[in-house]
Amino acid sequence: TSFLFLALIFYALLMSSLPSTVVNETNFWRLEPLINTMLNANYTKGTLGLNVLLTLRLVGIKNQSLEQQLSQQIKEDINSGEMELTSGELALGILGLGACENQDEEFIRGARLVSKLEAKFQAEIQNMEAHDGNPLTNYYQLSLALLALCLFNGSYSVTSVTCYFTPENKNYYFGDQFSVDTGAMAVLALTCVQKNTQKKMDMNAEGKISNYVESLANKIQAERKQGLFGNIFSTGEAMQALFVSSDYYKNEANCRETLRAVFDNISRGAFYLPITAAQILPALMGKTYLDVTNPSCGLNPVKFNTSTEKPGTVTPTTAPLNILVKYSVRINKTSHTEVTVRKGSVFLDVMKAAQEKNETLFRFTVEETSWGPYITSVQGIKANSNDRTYWKLLSNGQPLSQGAGSHVVQNGDNLEVRWSKY
Ligand code: CBY
């Protein structure tokens, strides 16, 4: 019995010494769905694979052919110049191409990507001056741009950073809701600026920036619900931000709570879009975007059991049923209709069905993004970032936490697109 007792103590000691922030080897299998989502997706254009290339390299998932394909597609998009990349897209491109020292660095230099990004960052700031503090895109992208400039020796003005990134800035909020994704990306960027020794910073700026980081990290923690920060889709980047800025994850119980909630969502298939998998995986492997220029980046590649099966669509055993839902478009007054769609339909299918019934009231346009279709206009009224307008999607009065192409509707739902300000 005494041997058993000692063995138990030894086991307990061993377990407690394992870092629980990151997923340990016995739990790697839980991450396999994420990897398979990234590896088996179809990337039809460069911008759709930006986050995936970054994550494959940062985490050290060796898949030469996919890496090659994604990096090739991004380079082509950049070279063709046909499609103007946004600041955040170019920043992600630089992070992915430049991650973990590889041959693409040559391309970054040759195509002068860092100076192009400097110009895009400037353009965002100019737009803010001209349009009531509203950037061309949003603060998530501005933060990505600052992060990439900071990591890849671009120039940025510390005065601009201290001026525009104060936690009180309205761009961290959508309505009165703090955007955890945005705050997290800003924490990563500001932490890089803080650490950047090449820049001589005066004490004043240094103090300000560390206050911003602390305050943003607190706002992220204030959005904690059952281990998640914001929602499941912002949690990975929030974890990265907390790794670099707070003591939150030094507490094992906190780690375990988050991991349990994330594993739960993985097994429920929440991360079926490649971008969602790419955004959560680094944190689960204990990495942050700041590691992209670390000498140890991408070393110790991980071995996963990956499958090449396309995620199978479950064939329904029973005959497909129709469901009836309400749909409305609200501008100042509301236009209502009811449509019948197949069981399992998504929000976008409902919009299409309504459009077919009444083109004048329910016509709409979409843009394909890495999050799926984004609704750009309804009844010819277009979202515009200069005045912070957009089409908000709601179901039974609650804003959706997924896009129109992902949110599955239920019989009797009351669906709405509402002309809104963020
Ligand atoms: N990425 C970006 O530029 C997007 C940044 C982001 C903060 C993003 C969430 C977070 C992320 N990790 O990428 C973001 N959304 C922004 C900035 C916006 C605004 C975009 C306008 C602009 N000027 O840039 C805006 C208008 C406030 C917005 N998101 C709207 C919406 C709704 C889209 C509705 C439509 N018209 O199609 C919607 C569906 C919310 C709603 N109920 O209306 C929405 N966003 C959602 C749900 C999301 C999450 C997507 C989750 C999912 N699985 O589909 C999101 C991850 C994201 C994408 N938005 Co926005 C936030 C979350 O829930 N955690 C950089 C670029 C290079 O890729």
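Residues numbered from 1 in each chain as written. Predicted model: local features only at pLDDT ≥ 70, side-chain atom pairs only at ≥ 80, totals over all residues. Heavy atoms only, no water.

Asker: Outline the nonpolar core, listing residues and values.
Answerer: Formed by 106 residues in total, the largest nonpolar core has its most connected members in Leu31, Phe165, Ile220 and Leu284. Sorting elements by how many residues they give to this core places helix α8 (residues 139–151) first, with 11 residues. Dropping the residues within four chain positions of it, Leu284 is found in contact with Val22, Val23, Leu31, Leu34, Met239, Leu259, Val262 and Ile266. If you look at the next biggest cluster of nonpolar residues, it comprises 23 residues, including Val325, Tyr327, Val329 and Phe364. (Core = buried A, V, L, I, M, F, W, Y, C linked by side-chain atoms within 4.5 Å. Buried < 20%, exposed > 50% of the residue type's maximum accessible area, 1.4 Å probe, protein only. Helix = DSSP H or I, 4+ residues; strand = E, 2+ residues; numbered from the N terminus. Contact = heavy atoms within 4.5 Å.)

Asker: Residue-level account of the pattern of salt bridges, with values.
Answerer: Charged atoms that come close allow side chains of opposite charge to pair. The final tally for this structure, using the stated rule, is 12 salt bridges. Between Glu252 and Arg256 there is a salt bridge whose closest N-O contact spans 3.6 Å. Linking Glu252 with Arg256, this pair stays in helix α13 (residues 252–267), spanning 4 residues, or about one helical turn. Take Glu252: its relative accessible area is 30%, and that puts it in the partly exposed class. The partner of Arg268 in a salt bridge is Asp264, and the shortest N-O contact between them spans 3.4 Å. Residue classification places Arg268 among the exposed residues on the basis of a relative accessible area of 59%. The network of salt bridges with shared partners includes Arg57, Glu67, Lys75 and Asp104. (Salt bridge = Lys/Arg side-chain N within 4 Å of Asp/Glu carboxyl O.)

Asker: Could you give an account of the site of the ligand, naming the residues involved and the relevant values?
Answerer: Taken together, 29 residues lie around the ligand, and Asn138, Gln141, Asn231, Ile375 and Trp391 are the ones closest in. Here Trp371 contributes a side-chain N or O atom positioned 3.5 Å from an oxygen atom of the ligand. Contributions of two or more residues to the shell around the ligand are made by α5 (87–98), α8, α10 (180–195), β8 (372–378) and β10 (389–395). Residue composition of the shell around the ligand, grouped by class: 13 nonpolar, 12 polar and 4 charged. (Near = heavy atom within 4 Å. Polar contact = N/O pair within 3.5 Å; in protein donor to acceptor, adjacent residues only side chain to side chain. Nonpolar A, V, L, I, M, F, W, Y, C, P; charged D, E, K, R; others polar.)

Asker: Tell me what's going on with the packing of helix α4 (residues 64–80) against α5, and back it up with residues and numbers.
Answerer: Running from N to C, α4 and α5 point in directions that differ by 140°, and their axes come no closer than 11 Å. In terms of axis orientation, α4 runs oblique to α5. Relative to α5, the crossing made by α4 is left-handed. Of the residues in α5, those touching α4 at Ser71, Ile74, Lys75 and Ile78 are Leu90, Gly93 and Leu97. The residue inventory of the contact of α4 with α5, partitioned by class, reads 4 nonpolar, 2 polar and 1 charged. (Axes fitted to C-alpha atoms, helices over the stretch in contact; angles between N-to-C directions. Parallel < 35°, antiparallel > 145°, perpendicular 65-115°, else oblique. Left-handed = near helix turned anticlockwise from the far one by under 90°.)

Asker: I'd like a description of the state of the cysteines, backed by residues and values.
Answerer: Note on terminology: disulfide describes a covalent bond linking the sulfur atoms of two cysteines. Enumeration over the complete set of coordinates arrives at 2 disulfides. Put simply, Cys100 and Cys297 are joined by a disulfide, and their sulfur atoms are 1.9 Å apart. Of this pair, Cys100 sits in the loop between α5 and α6 (104–110) while Cys297 sits in the loop between α14 (274–284) and β5 (322–330), and the two are 197 residues apart along the sequence. Taken individually, Cys100 and Cys297 each receive the classification buried, so the pair is uniform in this respect. The partner cysteine of Cys150 in its disulfide is Cys192, sulfur to sulfur 2.0 Å. In this structure, the disulfide formed by Cys150 and Cys192 twists by about -95° around the S-S bond and is classed as left-handed. Of the two residues, Cys150 sits in helix α8 while Cys192 sits in helix α10, which places them 42 residues apart along the sequence. Take Cys150 and Cys192: they sit in the same class, and that class is buried. Numbered by order of appearance in the sequence, the disulfide-linked cysteines of the protein pair as 1-4, 2-3. There is no disulfide at Cys163, and the cysteine sulfur nearest it, in Cys150, is 18 Å away. (Disulfide = S-S within 2.5 Å.)

Asker: Describe in detail the side chain of Ser420, supporting the description with residues and values.
Answerer: Mapped onto the secondary structure, Ser420 falls in strand β12 (residues 414–421). Classification of Ser420 by relative accessible area gives buried; the value is 11%. Of the polar contacts made by the side chain of Ser420, one reaches the backbone oxygen of Arg418; its length is 2.9 Å. Leaving out residues up to four positions away in the same chain, Ser420 has contacts with Arg388, Thr389, Tyr390 and Lys392.

Function cannot be read off these values alone, since they describe shape.
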